[in-house]
Amino acid sequence: MPEPLDAALTEVRALLLDPALTRAVAAGRRRGQRPSLVRAELRPVALKTGARLQISTSDGVRPYTRNVSPGAEADAAVDALLAEPFGNWHVETAEATLQLRVTKSGEAQVHRATADRPVAGPEGHDRVKDYLLDPGDPIFATIGGNAAKRRQVDAFLRALAATLPDDLTGRLRVVDLGCGNAYLTFAAYRYLTGRGLDVELVGVDVREDQRQRNSELAARLGWADRVSFVAGTIADAVVEPAPDLVLALHACDTATDEALARAVRWDARWILAAPCCHHDLAAQLRSRPTPPPYELLTRQGILRERFADVLTDALRAGLLRVHGYRAEVVEFVDSRHTPRNLLIRARRTGSGTDTGPQRAEYQQLVDQWQVTPRLSILLDDRPAPVGGA
Ligand SMILES: C[S@@+](CC[C@H](N)C(=O)[O-])C[C@H]1O[C@@H](n2cnc3c(N)ncnc32)[C@H](O)[C@@H]1O
């Protein structure tokens, strides 16, 4: 049931100033109004000089963080934020969670939950703190997506968070290859700018209709100057300057190889690619005899397909190592959210190409199975002649 907005905001105020506050986020806007800030986040911090309320705001261009003292200073800062026409407040304390959404008619739709009775969000019973990006974040009203996709993308962002160094600052150029409807693209932009980075993000997809749709969404979000879209193939789309970070979520079949090859050619510092279906090596395994003693691995069709998946991603990671990356394959999300839940995560080491042991283990595997991974063709990968040039 909608409630009077003033009374609901008074309740929010009390929670924001409560010493039990753990985190609060304000974002979005009310119908026909525009706050001077895109987002505000509040959390308690313990400084040497005592407890403070940390307030991080963004006007859509620059993030700004300040710490205010409890008492008059915090009261005034909180009152100033409550006076902004934000469309949503999400407030968590040690005991309770409150979500407030301002309706079109200017009333408050409030969900309250206590710590022992979690708030049921739009996806059911997932708790807000299970997410890296607040599910109440207003970008989701614009970019859409269902609960499973939100889970997947949030998990992908967690893997990204674990990959980038904590002290990363300044400009970050990012590309999302095979971006589709750009769900990851927009969420990544939101997450990375929330970390205070100066982000330029390009989404690439072969579909022109996706480029148009995504560009319109970027404009609606007010991000068109930082988030742009190109219609073209992963292999050839023009992305300049070269990105530092390459993302690819479920680029179909060998499009993942195109993404990895492009990232290596760009000399990207970080690569996160969650592969989709794998047909390339499965077809190669079908068309030639299995080397002994591995016949049992491939005799049954389903085992052969699964083994081909494993071989494909093992060789992808192996080739990235040959090309100067530290690469690992991890599960980034539980398989109940998507069966395509592996992630190839790579960080450039600067050790150069064709490092001996990495080359040897990769080469032994392709020689034994007599396969030619698509990525090796795209990278024009050939072992260096024995004994040097
Ligand atoms: C399964 S969708 C995934 C979309 C998005 N990354 C996501 O996870 O929601 C794969 C996308 O990759 C695009 N795609 C496939 N092969 C491509 C290629 N070679 N170059 C550019 N885009 C490609 C398709 O058009 C499609 O939008």
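Residues numbered from 1 in each chain as written. Predicted model: local features only at pLDDT ≥ 70, side-chain atom pairs only at ≥ 80, totals over all residues. Heavy atoms only, no water.

Peer 1: What's the story with the overall build of the chain in this structure? I'm lost.
Peer 2: Scanning the chain for helices and strands turns up twelve helices and 14 strands. Principal axes of the C-alpha set define a box for the chain whose edges measure 75 × 45 × 45 Å. Put simply, the chain has 389 residues, and 48% of those count as buried. Carbon and sulfur atoms provide 50% of the accessible area of the chain, an area that totals close to 18900 Å². (Helix = DSSP H or I, 4+ residues; strand = E, 2+ residues; numbered from the N terminus. Buried < 20%, exposed > 50% of the residue type's maximum accessible area, 1.4 Å probe, protein only. Areas by Shrake-Rupley, 256 points an atom, 1.4 Å probe, with all protein chains shown as cover.)

Peer 1: In this structure, what is going on with the site of the ligand? I would like to understand it.
Peer 2: Taken together, 15 residues are adjacent to the ligand, and Lys149, Gly178, Asp205, Ile234 and Leu249 come closest. Interatomic distance of 3.2 Å between a backbone N/O atom of Val206 and a nitrogen atom of the ligand. Residue Glu258 places a side-chain N or O atom 3.2 Å away from a nitrogen atom belonging to the ligand. Here the ligand loses 79% of its free accessible area of 600 Å² to cover by the protein chains. (Near = heavy atom within 4 Å. Polar contact = N/O pair within 3.5 Å; in protein donor to acceptor, adjacent residues only side chain to side chain.)

Peer 1: When you look at the state of the cysteines in this model, what are you seeing that I'm missing?
Peer 2: Disulfides are covalent bonds that connect the sulfur atoms of two cysteines. Applying the stated criterion across every chain yields a total of zero disulfides. Of all cysteine sulfurs, the one in Cys276 lies closest to Cys252, which takes part in no disulfide; the gap is 5.3 Å. Of all cysteine sulfurs in the structure, the one in Cys276 sits closest to Cys277, which takes part in no disulfide; the separation is 4.2 Å. (Disulfide = S-S within 2.5 Å.)

Peer 1: Explain the pattern of salt bridges here, please?
Peer 2: A pair can form between side chains of opposite charge whenever their charged atoms are brought close. Enumeration according to the criterion identifies 21 salt bridges in this entry. Its salt-bridge partner being Arg39, residue Asp137 comes within 3.1 Å of it at the nearest N-O pair. Here the residue Asp137 occupies a position in the loop between strand 7 (108–114) and helix 3 (139–143), and Arg39 occupies one in strand 2 (residues 39–47), the gap between them amounting to 98 residues. When its relative accessible area of 3% is taken as the criterion, Asp137 is described as buried. (Salt bridge = Lys/Arg side-chain N within 4 Å of Asp/Glu carboxyl O.)

Peer 1: How do you make sense of the layout of surface pockets when you look at a structure like this?
Peer 2: Gaps left between atoms are located by rolling a probe of water-molecule size over the structure's atoms. Here the largest pocket defines a volume of roughly 1200 Å³. Elements that contribute at least two residues to the lining of the largest pocket include exactly strand 1 (21–27), strand 5 (88–93), strand 6 (96–102), strand 7 and helix 3. Its residues assigned to classes, the lining of the largest pocket comprises 17 nonpolar, 14 polar and twelve charged. Shared between two domains, the lining of the largest pocket takes at least three residues from each, and those domains are domain 1 (5–119) and domain 2 (147–378). Taken together, 39 residues form the lining of the second largest pocket, with Arg39, Tyr191, Thr193, Gly194 and Arg195 sitting closest to its centre. When contributions to the lining of the second largest pocket are tallied by element, the ones reaching two or more residues are strand 2, strand 3 (50–58), strand 4 (63–68), helix 5 (183–194) and strand 9 (198–205). (1 Å grid on protein atoms, 1.4 Å probe; cavity = no way out; pocket = protein on both sides within 12 Å on 5 of 7 lines; lining within 4 Å. Points joined across faces, edges and corners; volume = space filled by probe spheres on them. Nonpolar A, V, L, I, M, F, W, Y, C, P; charged D, E, K, R; others polar. Domains from an automatic or database assignment.)

Peer 1: Explanation requested: the packing of aromatic side chains in the structure shown.
Peer 2: Two measures describe an aromatic ring pair: the distance that separates the ring centres and the angle between the ring planes. Enumeration according to the criterion identifies eight aromatic pairs in this entry. Centroid distance Phe140 to Tyr183: 6.1 Å. Interplanar angle 35°. Geometry classified as tilted. With a gap of 43 residues between them, Phe140 in helix 3 and Tyr183 in helix 5 connect regions that are remote in the sequence. Tyr183 matches Phe140 in its accessibility class, with the two residues each being buried. Counting every residue linked through ring pairs, the aromatic cluster contains Phe186, Tyr189, Trp223 and Phe229. Just above the ring of Phe140 sits the side chain of Arg150; from NZ or CZ to the centre is 4.3 Å. Here Arg151 stacks its cationic end above the ring of Tyr131, 4.5 Å away from the centre of that ring. (Phe/Tyr/Trp six-rings, centres within 6.5 Å; stacked < 30°, edge-to-face > 60°. Lys NZ or Arg CZ within 6 Å of the ring centre and 35° of its normal.)

Peer 1: Can you walk me through the UniProt feature "domain: Methyltransferase" (unreviewed entry) in the chain in this structure?
Peer 2: Feature annotation in UniProt places "domain: Methyltransferase" (unreviewed entry) on residues 149–284, given in this structure's numbering. This span, residues 149–284, is 42% helix and 22% strand, and a straight line between its end C-alpha atoms measures 32 Å. (UniProt positions renumbered as here; feature names shortened; annotations may be inferred.)

Peer 1: For this particular structure, what's the right way to read helix 10 (residues 301–322)?
Peer 2: Three or four residues apart is the spacing at which side chains of an α-helix point the same way, because the helix has 3.6 residues per turn. In this model, helix 10 (22 residues) spans 31 Å end to end at C-alpha, consistent with the 32 Å of a helix rising 1.5 Å per residue. Downstream of helix 10 by one or two residues, Gly324 has phi in the positive range, about 90°. (Expected span 1.5 Å × (residues − 1).)

Peer 1: Any chance you could explain the pairing of strand 1 here in plain terms?
Peer 2: Successive residues of a regular strand alternate their side chains across the two faces of the sheet. By the criterion of burial, strand 1 is predominantly enclosed, with six of the seven residues buried. Two elements, strand 1 and strand 5, share six bridges in a ladder whose sense is antiparallel. Note that in strand 5 the partner of Val25 across the bridge is His90. Pairing of strand 1 with strand 2 involves four bridges; the strand directions are antiparallel. Note on strand 2: the bridge partner recorded for Ala24 is Leu42. (Pairing = 2+ DSSP bridges.)

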